[in-house]
Amino acid sequence: MPIATVNPADGETLRTYEAMGEEEIERRIQLAEATFRTYRTTAFDERARLMRRAAEILEADQDEIGRVITTEMGKPVKQARAEAAKCAKTMRWYADHAASLLADEEPAESDVKDSGASRALVRYRPLGPVLAVMPWNFPLWQVIRFAAPALMAGNVGLLKHASNVPQTALYLEDLFHRAGFPEGCFQTLLIGSAEVDAVLRDERVRAATLTGSEPAGRAVAATAGEMIKKTVLELGGSDPFVVMPSADVDRAAEVAVTARTQNAGQSCIAAKRFIVHTDVYDAFVERFTEGMRALRVGDPMEEETEVGPLSSEQGLNDVMELVDDAKRSGATVLCGGERPEGPGWYYPPTVLADVTREMRIHREEAFGPVATLYRVTDLDEAVLIANDTDFGLSSNVWTRDDADVDRFVRDLEAGGVYVNGMTASHPAFPFGGVKRSGYGRELSGHGIREFCNITTVWHGA
């Protein structure tokens, strides 16, 4: 895949870039290793000062970088600006909390004495250069939610971004440079996927994090396992959105529309499978379908647009194939389901009913604005269908019954359970999944400690 900006709204190639050669890659890895040796000793106050400055610059740039994001991957420009603002918020959160999250831990005095020590503690130390392989769907957010905690922990970053967002990738390197971080703290590698393996095998690269597809995750995990390097993987998702009889159906249907179509449905944590109790099924489906049909699809640079194009022609074809397979297998199309005429990689908000286990869309992640509906008769059936997937990223549950909540929290196989609201990431809460959605956690204290050497310090009596 070429490294290029191709506008999804019309398919026009606007700018292309040459991939970095071996000499430049070596220079950058060497610089990352050298910078780490000194940056790792900087005080938290200094790291926080630099991170807050980066947040200020990003906020000032949000209109400009928002338009770049929209041009590169098709996100409505209002959502692109909101993404930049969320990144700045997260940078400030880590600037405020990193020192306390990584403070030395004192074991219980009785355990210290029992070990024969006069004193003992646990200290969190940075690992070194960390490779981040990041996707195009949230081209700022996915990077910042790695970079903010990693840099605040004293690590340095090497970014291999998706090949269709090169301008955003270069902006991120420039952002940290303009904020005053030492040269080499955060660098972008303009390379293709084929070059990732060699970078990860370099002994100076100590760990890796990847957000992306399951095949990409398998490849990175295999190499990292061979090299015995720490990884965090956030892969696909097919999140359930369960609506029970006691739910506020109007509110659930309203939120469901946003949960399925934000970023044109191109989100790992988007609700994709809507599992609705038969008592409220008809009412929910009527309101949900009306909301999906009413969304404004169009030019992502227009402020009124709610759903823009998909990011690539391949992505569009993948969604069309899933929907067409479902239709051939007996699914009922309640709205959408056909590509509109005209330029660009647009696909309408689509609702499919009568979905069965034999359909590909039941098993595979639909990375576009396509919702599947399931009618259930009780909570047990809802849990069964919700867990009938290889993925386990997050989940949404709508009910006013505390007993229902307890059961869902206990039994849903997912990294998150969001009750009466849609899944959304926040810097204070851990983010990640189970099963084929990956392993490890981002954000919160759990995320900042993923790339730390958790060190036992023991003093003899």
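Please refer to the structure placed before this passage.
Per-chain numbering applies: the sequence of each chain, read as written, is numbered from 1 onward. Totals for whole chains, interfaces and linings use all residues, but because this is a predicted model, local features are given only for residues with pLDDT of at least 70 and pairs of side-chain atoms are given and counted only at 80 or more. As a convention, hydrogens and water are excluded, and side-chain values are obtained from all of the structure's heavy atoms.

### Quick notes on the side chain of Ser-444
Selection criterion: Segments assigned H or I by DSSP are reported as helices when at least four residues long, segments assigned E as strands when at least two residues long, and all are numbered from the N terminus. The contact criterion used throughout is that any non-hydrogen atoms of two residues lie within 4.5 Å.
Within the element layout of this structure, Ser-444 appears in helix α15 (residues 444–449). Every residue in contact with Ser-444, bar those within four places of it in the chain, is listed here: Trp-93, Tyr-94, Leu-101, Pro-427, Ala-428, Phe-429 and Pro-430.

### What to know about the pairing of strand β8 (residues 230–234)
Note the following rule: Summary of the burial criterion: residues with accessible area below 20% of their type's maximum are buried, those above 50% are exposed, and those between are partly exposed, where the area comes from a 1.4 Å probe applied to protein chains only. Note on pairing: DSSP must find at least two bridges between two strands before they are called paired. A crossover counts as right-handed when, viewed with the strands pointing away from the observer, the path leading from the first strand over the helix to the second turns clockwise.
Of all 5 residues making up β8, 4 are buried, and the element is well covered by its neighbours. Both strand β7 (residues 207–211) and β8 contribute to a ladder of 5 bridges, which runs parallel. Looking at β8, one finds that Ala-207 is bridged to Lys-230. As for the winding sense of the linkage, the β-α-β connection from β7 through helix α8 (residues 214–227) to β8 is right-handed. In terms of strand pairing, β8 meets strand β16 (residues 438–439) through 2 bridges, oriented antiparallel. Bridge pairing links Leu-233 to Tyr-439 in β16.

### Section: the packing of aromatic side chains
Note the threshold: Each pair of aromatic rings taken from Phe, Tyr and Trp, with Trp reduced to its six-membered ring, is defined by centres within 6.5 Å and is described as stacked if the planes are under 30 degrees apart, edge-to-face if over 60, and tilted in the remaining cases. Whether a charge lies above a ring is judged from NZ of Lys or CZ of Arg, which has to be within 6 Å of the ring centre and within 35 degrees of the ring normal.
Considering all chains together, one arrives at 10 aromatic pairs under this definition. Pairing Tyr-39 with Phe-181 gives two aromatic rings, centres 6.3 Å apart and planes at 55°, and the pair type is tilted. One end of the pair, Tyr-39, is in helix α1 (residues 22–39); the other, Phe-181, is in the loop between α6 (166–178) and β6 (186–188), with 142 residues separating them in the sequence. Overall, the relative accessible area of 2% leaves Tyr-39 in the buried class. For Phe-181, a relative accessible area of 4% puts it in the buried group. Considering the side-chain rings of Trp-93 and Tyr-94, the 4.9 Å spacing of their centres and the 85° angle between planes classify their relative orientation as edge-to-face. Note on Tyr-94: relative accessible area 0%, which makes it buried. Grouping aromatic residues by their ring pairs yields a cluster made of Phe-241, Phe-274, Phe-284, Phe-288 and Trp-398. We note Lys-86 situated over the ring of Trp-141; from NZ or CZ to the ring centre the distance is 4.5 Å.

### Things to note about the pairing of strand β13 (residues 370–376)
The element β13 is largely enclosed, with a buried count of 6 among its 7 residues. Alignment of strand β10 (residues 271–277) against β13, held across 5 bridges, turns out to be parallel. From the neighbouring strand, Phe-274 faces β13, where its bridge partner is Leu-373. With 3 bridges connecting them, strand β12 (residues 350–353) and β13 associate as parallel partners. When the bridges of β13 are listed, Val-351 appears paired with Ala-371.

### Regarding helix α10 (residues 278–294)
Applicable threshold: In this analysis, the expected span of each helix is defined as 1.5 Å times one less than the number of residues it contains.
With 17 residues, α10 ought to run about 24 Å at 1.5 Å a step, and its terminal C-alpha atoms sit 25 Å apart, in line with that. Taken as a whole, α10 has its buried residues at Val-280, Tyr-281, Phe-284, Val-285, Phe-288, Thr-289 and Met-292. Here the buried face of α10 lies against β9 (239–243), α9 (249–261), β10, β11 (332–335), β12 and β13.

### Topic: unusual backbone geometry
In this model, Asp-354 sits at a positive phi of 60°, which is unusual for a non-glycine residue. Within the secondary structure layout, Asp-354 lies in the loop between β12 and α12 (360–363). If you check the backbone angles, Leu-443 has positive phi at about 65° while not being a glycine. Its place among the elements puts Leu-443 in the loop between β16 and α15. Using a relative accessible area of 1% as the deciding quantity, one classes Leu-443 as buried.

### Some thoughts on the sheet that holds strand β15 (residues 418–419)
As a reminder, the rule being used: Axis lines are fitted through C-alpha atoms, for helices just across the contact stretch, and the angle between N-to-C directions can take any value from 0 to 180 degrees.
Taken in spatial order, the 7 strands of this open sheet run β11-β12-β13-β10-β9-β14-β15, and their pairing is mixed. The open sheet has two free edges, formed respectively by β11 and β15, since each of these has just one partner strand. Of the strands in this sheet, β9, β10, β11, β12 and β13 touch α10, which is tilted by about 170° from β13.

### Observations regarding the environment of Ile-69
Along the chain, the position of Ile-69 falls in helix α2 (residues 44–73). A relative accessible area of 0% places Ile-69 in the buried class. When the C-alpha atoms of Ile-69 and Thr-5 are compared, they prove to be 9.9 Å apart, with 64 residues separating the residues in sequence. When near neighbours in sequence (up to four residues on either side) are disregarded, Ile-69 contacts Gly-74, Ala-80, Pro-139, Leu-140 and Thr-168.

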